[in-house]
Amino acid sequence: AAASAPPPAAAPVAAPAPPPAAAAPEPVTQQKPVMQKLLILYGTQTGNSRGVAKELGAEAAAHGFEARVLGMEKWKELDFEQDKTPLVLVSSSTGNGDAPDNADKFYRFAKKRSTPPVFKGVPFAVCALGDSNYEQFCEVGRQFDQHLERLGGNRFLKRCDVDEVDGIEAHVHPWAEKLWPALKALKQVAPAQANRGAEQAAEAAPAKAAAKGAAPAAAPAVAPLRSLTVFHSGGLTEEIAELIKAEAAAASPAASVRLLAMAKFKPWLAELDAAAASAPQHAVFLCQTVENEQPPEEAGPCVRFLQRRTHAAGMLAGKLHFAVLGLGDSNLLLDRQTTAAKDCNQVAQAVDRRLSELGADRFHPRGEADDRTGNQEV
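Residues numbered from 1 in each chain as written. Predicted model: local features only at pLDDT ≥ 70, side-chain atom pairs only at ≥ 80, totals over all residues. Heavy atoms only, no water.

Thoughts on the overall build of the chain
Consideration 1: A tally of helices and strands in the chain yields 10 helices and 12 strands.
Consideration 2: Excluding contacts between residues fewer than 6 apart, the proportion of contacts in the chain whose partners are at least 24 apart in sequence is 80%.
Consideration 3: Accessible surface for the chain amounts to roughly 21,100 Å². Of this, 54% is attributable to carbon and sulfur atoms. (Helix = DSSP H or I, 4+ residues; strand = E, 2+ residues; numbered from the N terminus. Contact = heavy atoms within 4.5 Å. Areas by Shrake-Rupley, 256 points an atom, 1.4 Å probe, with all protein chains shown as cover.)

Shown next, in the form of structure tokens:
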């Protein structure tokens, strides 16, 4: 018999494949923080303003800003309206309130009435250097502050007036401590709010927090505020307008709050008439009285318009609910010992009386503040 064939050899068992090696972790790249741009312009004659500007520029990176420091002679290289870069302007005054040589052309450009609104939407702050031994103390900085606003800029911090008699650092350092938080606040709000309101609201927060300890009395139910227009005349009144806006936004988030210069009251009223609104509009008037019981230049058109005797007695009836806050300074009066806020707020008194005469409804009693006593009444 034939021998049987041997069984086939068993196939070799393959060794198990080793587990895949763990992927090496990708190196973590440290992202650089995004630096917000900042423009610092200086006008200088003796070098003091340039020194302040350079010092601010050197501090900027530590606060998250990429600062560009330029002399004002280079202003034509800049497109303020297009860039919308926050602007810090530092300028001294020379002689009898004259601009430094390197700032003269830019200064005249800003003051010209024919200059278009080239700073529209640009957040700005001004640091003015001067010597109180001269009558036109800090005049150039004051003028820049006024005209940048007139040309569309949004002041986000109150001007710093540096008296070289006291020492530059005594004024600049406290102001710079407010500058950086105010600039940082600009990143967190919409462009239309990119101004001093954020800083004013922040300063008011501690007082609000302290007041939370007491339970507020129950208030009667009122209709929600839909819109509010706050009229101001620049300077301190605009700062208070920003504070009111911040308070109103917190109390009535759905309300539309608008800030307008008092000079725009007449066209605002024309818009109101054209819209034929079904409900009265709410407005607050912040009225400043300056020397000789006069309104500031920015408020003059509104005051003169209201004083016209050709207006019908009820022209504002059913259209306007108003409140007036006056700001005066009894330091301008001869007898400071016996004067009070009521004696230095003639413009506010006249506006309040005239609005009522024209049929508008007063929704809050008139307030009057005195700069001599720190405007505590505000």
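Topic: the packing of aromatic side chains
Consideration 1: On inspection of all chains with the given rule, the structure shows 14 aromatic pairs.
Consideration 2: Geometrically, the ring pair formed by Phe-265 and Phe-285 is edge-to-face, given 5.6 Å between the ring centres and 65° between the ring planes. Residue Phe-265 is located in helix α8 (residues 265–275), and its partner Phe-285 is located in strand β9 (residues 281–288); the two are separated by 20 residues in the primary sequence. One exposure class covers both Phe-265 and Phe-285, and it is buried.
Consideration 3: These aromatic residues form a ring-pair network of at least three members: Trp-75, Phe-80, Phe-106, Tyr-107, Phe-109, Phe-119 and Phe-144. (Phe/Tyr/Trp six-rings, centres within 6.5 Å; stacked < 30°, edge-to-face > 60°. Buried < 20%, exposed > 50% of the residue type's maximum accessible area, 1.4 Å probe, protein only.)

Details of the side chain of Ser-93
Consideration 1: Residue position: Ser-93 is located in the loop between β3 (87–92) and α3 (104–111).
Consideration 2: Here Glu-139 takes part through its backbone nitrogen, which lies 3.2 Å from a polar atom of the side chain of Ser-93.
Consideration 3: For Ser-93, the contacting residues outside a window of four places in its chain are Asp-98, Leu-129, Gln-136, Cys-138, Glu-139, Val-140 and Gly-141. (Polar contact = N/O pair within 3.5 Å; in protein donor to acceptor, adjacent residues only side chain to side chain.)

What to know about the confidence of the model for the chain
Consideration 1: Across the chain, the average pLDDT comes to 81, with 77% of residues at or above 70.
Consideration 2: Least confident of the elements in the chain is helix α6 (residues 197–211), whose mean pLDDT is 46; most confident is β3, at 96.
Consideration 3: Contacts from residues 188–212, a stretch scored under 50 in pLDDT, to residues over four places away or in other chains number 34 contacts.
Consideration 4: A low-confidence stretch, residues 214–222 (pLDDT under 50), is modelled with zero contacts involving residues beyond four sequence positions or located in other chains. (pLDDT = per-residue confidence, 0-100.)

A few points about the side chain of Thr-237
Consideration 1: Here Thr-237 shows up in helix α7 (residues 236–251).
Consideration 2: On the basis of relative accessibility, which here comes to 0%, the residue Thr-237 falls in the buried class.
Consideration 3: Here the side chain of Thr-237 touches Gly-234 through a polar contact of 2.6 Å, landing on its backbone oxygen.
Consideration 4: Not counting chain neighbours up to four residues away, the residues in contact with Thr-237 comprise His-232, Leu-286, Gln-288 and Leu-327.

Here we look at α3
Consideration 1: For α3, the set of buried residues is Phe-106, Tyr-107 and Ala-110. Angular distribution of buried residues about the axis of α3 spans 100°; they occupy a single face of the element.
Consideration 2: For α3, the elements touching its buried residues are β1 (36–43), α2 (80–83), β3 and α4 (139–150). (Arc of directions from axis to C-beta.)

Some thoughts on the pairing of strand β10 (residues 320–328)
Consideration 1: Counting buried residues in β10 gives eight out of nine residues, a clear majority hidden from the surface.
Consideration 2: Alignment of β9 against β10, held across eight bridges, turns out to be parallel. Looking at β10, one finds that Ala-283 is bridged to Phe-322.
Consideration 3: After leaving β9, the chain enters helix α9 (residues 300–307) and then returns to the sheet as β10, a path that is right-handed. (Pairing = 2+ DSSP bridges. Right-handed = clockwise from strand over helix to strand, strands pointing away.)

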